[in-house]
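Residue-level structure breakdown
Here is what each chain is made of, one letter per residue.
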Amino acid sequence: MEMNRKRWLDIGLVTLVLLLCTVTIVLTLENRSLKNTINDLTSPLQPTNDIVGRDATPIRILNLNNQIDEIIFTNTKIPILLFVFNTSCPHCEHTLLIWNSVVNNLDSGVCNVAGLSLDDVEKTRSYMLQKNIAFNVASIHDSTFSSNYGIGGIPQTILVSQQGKVKQIWSGKLQISHISNILDAINDSTIYEYHTDMVKE
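Predicted model only: the values in this text are computed from it and were never measured.

Turning our attention to helix H3 (residues 90-104). Compared with the 21 Å implied by 1.5 Å per residue over 15 residues, the 22 Å span of H3 between its first and last C-alpha is a close match. Approximately 25° is the largest bend angle found in H3, and it occurs at Leu96. Restricting attention to buried positions, one finds in H3 the residues Cys92, Thr95, Leu96, Ile98, Trp99, Asn100, Val102 and Val103. Summarising the contacts, the buried residues of H3 are in contact with strand S3 (80-85), strand S4 (112-117), helix H4 (121-130), strand S6 (156-160) and helix H6 (177-187).

Listed below in structure tokens is the structure:
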């Protein structure tokens, strides 16, 4: 009787070890898959560098009245500055202060500005009510936007020239020193650059 009990105990322990090994393998595989997904979402924006100098593709948006609209970059008389963010990103909230400063320092009629939220209209509208935002904001309603503009992290600041080409991109959290950098870029029609030395989410 004692032997049978010991035998069943041994079988139980072996079964438990095998079960734990199986669970460990499954969790390891899932963890690896999750890491790969996170890396894809947060990796440095290598494709973005290739986007500078290209034609800016139209962007479908939902305005805060939930109406579909489109930003088109052909035949614009002045540059367009795009601020890309989401409502839960702390780096975006920090950069919001810089974006406001850029807008407040722009001469009238020099540049159009649009904030583009990656969140839905409801979250975006609520965010607008909480924050002091000095520019118009819409919610992106375009499944191709991220790939077209190399959005792999936020915040992202995109300057499109009056010729409709992606002129400069600042990828990540901006600092006060970037204000003059962005203002100079708006006024300079020759420089095409990609900036990626900032922190992003």
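Turning our attention to the packing of aromatic side chains. As enumerated under the stated definition, the model contains six aromatic pairs in all. Ring centres 4.9 Å apart and planes at 70° place the aromatic pair Phe83 and Phe135 in the edge-to-face group. Remark: Phe135 occurs in the loop between H4 and strand S5 (136-140) and Phe83 occurs in strand S3; sequence separation between them is 52 residues. Here Phe83 matches Phe135 in class, with each residue buried. Three or more aromatic residues link up through ring pairs in this structure, and these residues are Phe83, Phe85, Trp99, Tyr127 and Phe135.

To continue, consider the pattern of salt bridges. Inspection of every chain in the model, using the stated rule, returns three salt bridges. A salt bridge links Lys165 to Asp55; the shortest N-O distance between them is 2.8 Å. With Lys165 in the loop between S6 and strand S7 (166-171) and Asp55 in the loop between helix H2 (46-51) and strand S1 (59-62), this pair connects stretches of sequence that are 110 residues apart. Taking relative accessible area as the criterion, Lys165 reaches 29% and is therefore assigned partly exposed. According to the relative accessible area criterion, Asp55 is exposed, its value standing at 52%. Ionic pairing is found between Glu122 and Arg125, a salt bridge with its closest N-O pair at 3.2 Å.

To continue, consider the confidence of the model for the chain. The predicted coordinates should not be examined in detail at positions where pLDDT is low. A residue-level look at the chain finds 73% of positions with pLDDT of 70 or above and a mean pLDDT of 81. Scored below 50 in pLDDT, residues 35-48 makes 18 contacts in the model with residues more than four places away or belonging to other chains.

A few words on the pairing of S6. Across the five residues of S6, five count as buried, placing the element largely inside the fold. Neither face of S6 is open: one carries Gln156, Ile158 and Val160, the other Thr157 and Leu159, and all of them are buried. As paired strands, S3 and S6 are joined by five bridges and run antiparallel to one another. Each bridged residue has a counterpart across the sheet, and for Ile80 the counterpart in S6 is Val160. The pairing of S6 with S7 spans five bridges and is antiparallel. Residue pairing for S7: Val160 is matched across the bridge by Val166. Where S6 folds back on S7, the antiparallel hairpin that results is connected by five residues, among which Gly164 adopts a positive phi of roughly 80°.

About the criteria used
- Residues numbered from 1 in each chain as written.
- Predicted model: local features only at pLDDT ≥ 70, side-chain atom pairs only at ≥ 80, totals over all residues.
- Heavy atoms only, no water.
- Helix = DSSP H or I, 4+ residues; strand = E, 2+ residues; numbered from the N terminus.
- Expected span 1.5 Å × (residues − 1).
- Bend = angle between axes of the 7 residues up to and from the residue.
- Buried < 20%, exposed > 50% of the residue type's maximum accessible area, 1.4 Å probe, protein only.
- Contact = heavy atoms within 4.5 Å.
- Phe/Tyr/Trp six-rings, centres within 6.5 Å; stacked < 30°, edge-to-face > 60°.
- Salt bridge = Lys/Arg side-chain N within 4 Å of Asp/Glu carboxyl O.
- pLDDT = per-residue confidence, 0-100.
- Pairing = 2+ DSSP bridges.

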